[in-house]
Structure formats: structure tokens, C-alpha cells
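# Observations on chain architecture
In case you want the letters, here they are:
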Amino acid sequence: MNNPQTVAAINTIDRLLYLLDDAERQFKSARNWSVIDILGGGFFTDLIKHYKLGKASDTMDEVNYLMQELGRQLGSINIPDNYRMHLGGFLTFADFFFDGIFVDAYMASKIFSSIDEIRRLRSRLQDLRKNLQKM
């Protein structure tokens, strides 16, 4: 493991794993607020939920950047990219304006999907890290 590229890639993976842990915490918090919203939360619940989603989205932007960096470091190894939650402006608007069970349930499903994506990405990165350490 004396190869500088391998060491740099492992360091990048470590940073990615840290960011993924942070993003998952934010998404889980948003998920909890989303459940409250489904059960009858209101405007303030939406505000808190979207604040948490915004923080998670910012973290995922950092993840996307580091994933690109990891791809450059490793060159020929196929790296998944763009693990960003795409909520979009309209969905956020709809969650506030059409605040109802259907929009709230759809938002919750997007949050659950994002948590699953983070977990899959974390697992792939952990496998990649183990393989790089063996080199």
C-alpha cells in the first residue's frame, strides 16, 4: 500500500464515509420530521424537515465532489456518481402549499430512498477500501 495514489484514494474514501454518516443522520432526522408531518404536522414541521433536507443535500454535494475526485484518483475503476437527492423546487413548494398526506407520504418515500442509497454507497465504498488496502 505504498502507492501514493492508493493512499490518497483510501483517504478520500475515509472522508466520504464520514460525510455519508453525517448525511444519513440528517436524512434520518428529516425522516422523523416527515413522519410527524404525515401524522398531522404543519408549517413548522415542514420548515424543520426541509432545513434537515437542505443540510443533507449540502453534505451530498460534498460527497458528489469527492466521488469525482476518487474517480480521478483511481482512473480505471468504475465509481458510482451522483448520489444526490433530487427534491427540486416544485416538490418543496408542493410540500408547503399543498400540505397533505399524499405530498407528505411522497416526501417520506424520497427520504427513505435517499437513506437506502447512502447505505448502498457506503457499502460499496467500504468494499473498495478493503480491496485497496490489500494492494
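Now for a look at the structure at hand. It should be emphasised that the depicted structure is a prediction, and the values quoted were computed from it without experimental measurement.

### Points about the overall build of the protein
For the protein, the helix and strand inventory stands at four helices and zero strands. Reading the protein from its N end, one meets helices and strands in the order α-α-α-α. The proportion of buried residues among the 135 residues of the protein is 41%. Pairs at least 24 residues apart make up 78% of the contacts formed inside the protein by residues separated by at least 6 positions. For the protein, the accessible area works out to roughly 7700 Å², and carbon and sulfur atoms hold 56% of it.

### Re the side chain of threonine 59
Within the secondary structure, threonine 59 is located in helix H2 (residues 43–74). The buried category is assigned to threonine 59, whose relative accessible area is 6%. Those residues in contact with threonine 59 that lie beyond four places of it in its chain are Leu19, Asp22 and Ala23.

### Some points on the packing of helix H1 (residues 4–38) against H2
At a closest axis distance of 8 Å, the pairing of H1 and H2 adopts a crossing angle of 160 degrees. Judged by the inter-axis angle, H1 sits roughly antiparallel to H2. Every pair of crossing elements has a handedness; the one defined by H1 and H2 is left-handed. When the residues that make up the contact of H1 with H2 are grouped by side-chain class, the tally is 20 nonpolar, eight polar and eight charged.

### Some points on H2
Look at H2: 46 Å from first C-alpha to last across 32 residues, which is about the 46 Å you get at 1.5 Å a residue. Positive phi appears at glycine 75, one or two residues downstream of H2, with a value of about 65 degrees.

### Describing a nonpolar patch on the surface
A cluster of nonpolar residues, Phe43, Phe44 and Leu47, forms a patch on the protein surface that exposes about 340 Å² of accessible area. Mapped onto the elements, phenylalanine 43 comes out in helix H2.

### Thoughts on the pattern of salt bridges
Evaluation of the coordinates by the stated rule reveals seven salt bridges. In this structure, glutamate 24 engages arginine 119 in a salt bridge whose closest nitrogen and oxygen atoms are separated by 2.8 Å. Here glutamate 24 is found in helix H1, whereas its partner arginine 119 is found in helix H4 (residues 101–134), with 95 residues between them in sequence. For glutamate 24, a relative accessible area of 8% corresponds to the buried category.

Criteria and cut-off values
Residues numbered from 1 in each chain as written. Predicted model: local features only at pLDDT ≥ 70, side-chain atom pairs only at ≥ 80, totals over all residues. Heavy atoms only, no water. Helix = DSSP H or I, 4+ residues; strand = E, 2+ residues; numbered from the N terminus. Buried < 20%, exposed > 50% of the residue type's maximum accessible area, 1.4 Å probe, protein only. Contact = heavy atoms within 4.5 Å. Areas by Shrake-Rupley, 256 points an atom, 1.4 Å probe, with all protein chains shown as cover. Axes fitted to C-alpha atoms, helices over the stretch in contact; angles between N-to-C directions. Parallel < 35°, antiparallel > 145°, perpendicular 65-115°, else oblique. Left-handed = near helix turned anticlockwise from the far one by under 90°. Nonpolar A, V, L, I, M, F, W, Y, C, P; charged D, E, K, R; others polar. Expected span 1.5 Å × (residues − 1). Patch = residues over 30% accessible without salt bridge, like charges linked within 9 Å, V, L, I, M, F, W, Y side chains within 5 Å. Salt bridge = Lys/Arg side-chain N within 4 Å of Asp/Glu carboxyl O.

By themselves, these observations are geometric and do not establish any function.
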